[in-house]
Amino acid sequence: MSTLILGIETSCDETAAAVVEADGVVQSSVVSSQADLHARYGGVVPEIASRRHLELVAPVVRAALEDAGVALDDVDRVGVTQGPGLVGALLVGLSAAKAIAWARGLPLVPVDHLRGHVATLYLAPDPLDPPFTCLLASGGHTLLLSVREREGYEVLGSTLDDAAGEAFDKGARLLGLGYPGGAEIDRLARDGDPEAYSFPVARVAGLDLSFSGLKTALLHAVRGLTETDLAARRADLAASYQRAIVRALAGRLRAAVERTGHETVAVVGGVAANSELRAALPDARFAPLELCTDNAAMIASAARFARAVEPPGYLALDAYPSAPL
Amino acid sequence: MLVLAFDTATDVATSALLEDAEVLGERASVAKTLLEDVDALLRQASARPADIEALVVGTGPGSFTSTRIGLAVARGLALALDVAGAGVSTLDALAAGAEGALPVIDARRREVFVPGAGAVAPEDLDVAGRLCVGDGALRYRDVLEAKGAAIPPDDDIRHLPRASLHARLVTAYGRVDEIEPIYARAPDARRWRG
Ligand SMILES: [Zn+2]
């Protein structure tokens, strides 16, 4: 049997584990989402997320092994998200992963969550070869990347304030929609006119982005409406708001490609599931829908291209909350 | 039976390796390096991880994050080694190490954890004539001594929830996944994404 990697991910509100082969074949990918739990707060509550991770981490790992039809004896290394993310949440997965690897004498691969998203593209059946230009857009991050090798990337630009997924969540809240906001707005926007409102997207120098002004523009548009008017215009507002975000992302991605000269363009992260963004970039490679949001298959995939640490070298390993610059 | 015990609920993470009731070794550091201590304990005893037959883990109350580190390590070890375990309250372990004492754990935000009361202000404790131990007793030494409590010197070992004490309190082992942390305080429902 080929080398098997057990991946574990607990950086935000998904408790996930996966078994991936060294050649990128996903044998199992289990994601236990806490979205329902956090919906009543309109966003992720760190302490509640961490408590839930502790309840779920062992059952989710067991389910991933079971779904793959393998035992821990068959696993050759453990890949785990070390950061960035919620530190209390990260520490649950990292501590469990360290314990599993140490108990079995296995190497541990600390994985950067953002590299994990990009590594979704390296999974079978159709792994992408660098070089390519990549948009990583999620609830926590929005980055434009130049990817020349599977081991890493260069950051070309990033959001100066809200992440794209965060902009969706905040917009959804202003429109009285549920959480997570991206899927809700996407669904509602299909019934709306994307040109009904003109929402400005801030012009930022270089390849950076800014979404905070957009949210303010939506706030002003909603504020002037009665409850009945809002109900009547909600779909138009959602469609116009989504159009503005998609335009900003697609525009910046095109500008990034002009700089890199890469022929291949890719989009990963939760926002990659957005149907309008997919339509706006017909030639881009998108992460498979089920692997856009946080999962552990992407972490195990990234673990194939990151440095493995032999025991006992990882026993004091700590999580890091923000992305290293 | 080779038993591995540890407690990460307070700022000092303790660990111990026992052969039945005999303590083979004990260590103290911080939660994030707990497994280094565990590794060292096993090496000293010339044992391998697979030799561990049961786990004992401190369940707090204490710091949420750091208590969870211990529980997550326990869940990972139990999954990998297929062993049973037991949870022991950090307050109970402290009490077991200091005859007749009131265990007091720092709960931050100017509060302490004491048995049966959740988080309370140290000013509200009735401690006249009582021996108080634990990091909460140390942090609020002035307040508690002014109320008539007796508190051992800072470096007294009775202030530490030593993991060997947890191990001695265990009466039965069960599934490690079912060992719950004692949070003793509701989560702060602040959203992360603004
Ligand atoms: Zn993510």
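This one's a predicted model, so the numbers in the text were calculated from it and none came from an experiment.

Things to note about the overall build of chain B
Right, on to step 1. Helix and strand content of chain B: 6 helices and 10 strands.
Right, on to step 2. For a compact globule of 194 residues, the expected C-alpha radius of gyration is about 16 Å, and chain B comes in at 17 Å, within 12% of that figure.
Right, on to step 3. When the backbone C-alpha atoms are referred to their principal axes, chain B occupies close to 50 × 45 × 25 Å.
Right, on to step 4. Each of the 194 residues in chain B was classed as buried or not, and the buried ones make up 55%.
Right, on to step 5. As displayed, chain B has an accessible area near 8,100 Å², and 47% of this comes from carbon and sulfur atoms.
Right, on to step 6. On chain B, the mean spot of the 21 positive side-chain charges and the mean spot of the 29 negative ones are 8 Å from each other.

Regarding the sheet that holds strand S8 (residues 152-158) of chain A
All names here are of chain A.
Right, on to step 1. What the 5 strands build is an open sheet, ordered S8-S7-S6-S9-S10; its pairing is mixed. In this open sheet, the two strands that pair with only one neighbour each are S8 and strand S10 (285-286).
Right, on to step 2. Sheet analysis places strand S6 (residues 132-137) next to strand S7 (residues 142-149), joined by 6 bridges and oriented antiparallel. Bridge pairing links Leu136 to Leu143 in S7.
Right, on to step 3. Of the strands in this sheet, S6, S7, S8 and strand S9 (265-268) are in contact with helix H8 (residues 227-260), which crosses S6 at around 155 degrees.

Some points on the domain arrangement of chain B
The extent of an interface is frequently quoted as the accessible surface area lost upon association of the parts.
All names here are of chain B.
Right, on to step 1. The domain boundaries assigned to chain B delineate domain 1 (2-91 + 161-193) and domain 2 (98-157).
Right, on to step 2. For domain 1 versus domain 2, the separation of C-alpha centres amounts to 23 Å.
Right, on to step 3. If you look at the interface, domain 1 gives 12 residues, while domain 2 gives 13 residues.
Right, on to step 4. Carbon and sulfur atoms supply 59% of the area that domain 1 and domain 2 bury against each other, a total of about 1,000 Å² over both sides.

Let's talk about the sheet that holds strand S9 (residues 118-120) of chain B
Right, on to step 1. The strand order across the open sheet built from 3 strands is S7-S8-S9 (chain B), with neighbouring strands paired in antiparallel fashion. What marks the edges here is a single partner per strand, and that holds for strand S7 (105-106) and S9 of chain B.

What about the coordination of the zinc ion?
All names here are of chain A.
Right, on to step 1. For the zinc ion, the protein coordination sphere consists of His113 (NE2), His117 (NE2) and Asp294 (OD), at 2.1 Å.
Right, on to step 2. Mapping the donors of the zinc ion onto the primary sequence yields the spacing H-x3-H-x176-D. In this pair, His117 is assigned in helix H4 (residues 113-119) and Asp294 in the loop between S10 and helix H10 (297-303), connecting sequence segments 177 residues apart.
Right, on to step 3. Note on His117: relative accessible area 1%, which makes it buried.

Quick word on the pattern of salt bridges
Right, on to step 1. Tallied over the entire structure, the rule returns 32 salt bridges over all chains.
Right, on to step 2. One salt bridge in this structure joins Glu47 of chain A and Arg51 of chain A, with 2.7 Å as the shortest N-O distance. Taken as a pair, Glu47 of chain A and Arg51 of chain A lie in helix H2 (residues 46-68) at a separation of 4 residues, close to a single helical turn. For the pair formed by Glu47 of chain A and Arg51 of chain A, the shared burial category is buried.
Right, on to step 3. The salt bridge partner of Arg175 of chain B is Glu178 of chain B, with a shortest N-O separation of 3.1 Å.
Right, on to step 4. Using a relative accessible area of 55% as the deciding quantity, one classes Glu178 of chain B as exposed.

Some thoughts on the domain arrangement of chain A
Residues and elements named next belong to chain A.
Right, on to step 1. If you check the domain split of chain A, you get domain 1 (4-125 + 292-316) and domain 2 (132-263).
Right, on to step 2. Here the C-alpha centroids of domain 1 and domain 2 sit 28 Å apart.
Right, on to step 3. A buried area of about 1,300 Å², summed over both sides, lies between domain 1 and domain 2, and 69% of it is on carbon and sulfur atoms.
Right, on to step 4. Among the residues domain 1 hides against domain 2, the three largest losses belong to Leu114, Tyr122 and Phe305. Together they make up 40% of the total.
Right, on to step 5. At the junction of domain 1 with domain 2, the criterion picks out 0 salt bridges.
Right, on to step 6. Across the contact surface, domain 1 and domain 2 share 2 residue pairs in polar contact (both at pLDDT 80 or more).
Right, on to step 7. Where the side of domain 1 that touches domain 2 is concerned, the elements lending two or more residues are helix H1 (35-39) and H4.
Right, on to step 8. With 4 residues, the single largest contributor to the side of domain 1 that touches domain 2 is H4.
Right, on to step 9. Split by residue class, the side of domain 1 that touches domain 2 holds 9 nonpolar, 4 polar and 3 charged.

Reading guide: rules and limits
- Residues numbered from 1 in each chain as written.
- Chains lettered and ligands numbered in written order.
- Predicted model: local features only at pLDDT ≥ 70, side-chain atom pairs only at ≥ 80, totals over all residues.
- Heavy atoms only, no water.
- Helix = DSSP H or I, 4+ residues; strand = E, 2+ residues; numbered from the N terminus.
- Rg over C-alpha atoms; globule rule 2.2 N^0.38 Å.
- Buried < 20%, exposed > 50% of the residue type's maximum accessible area, 1.4 Å probe, protein only.
- Areas by Shrake-Rupley, 256 points an atom, 1.4 Å probe, with all protein chains shown as cover.
- Lys, Arg positive; Asp, Glu negative; His and termini not counted.
- Charge placed at Lys NZ, Arg CZ, Asp CG, Glu CD.
- Pairing = 2+ DSSP bridges.
- Contact = heavy atoms within 4.5 Å.
- Axes fitted to C-alpha atoms, helices over the stretch in contact; angles between N-to-C directions.
- Domains from an automatic or database assignment.
- Buried area = accessible area lost by both parts, 1.4 Å probe.
- Donors = N, O, S within 2.8 Å, 3.2 Å for Na, K, Ca; no water.
- Salt bridge = Lys/Arg side-chain N within 4 Å of Asp/Glu carboxyl O.
- Polar contact = N/O pair within 3.5 Å; in protein donor to acceptor, adjacent residues only side chain to side chain.
- Nonpolar A, V, L, I, M, F, W, Y, C, P; charged D, E, K, R; others polar.

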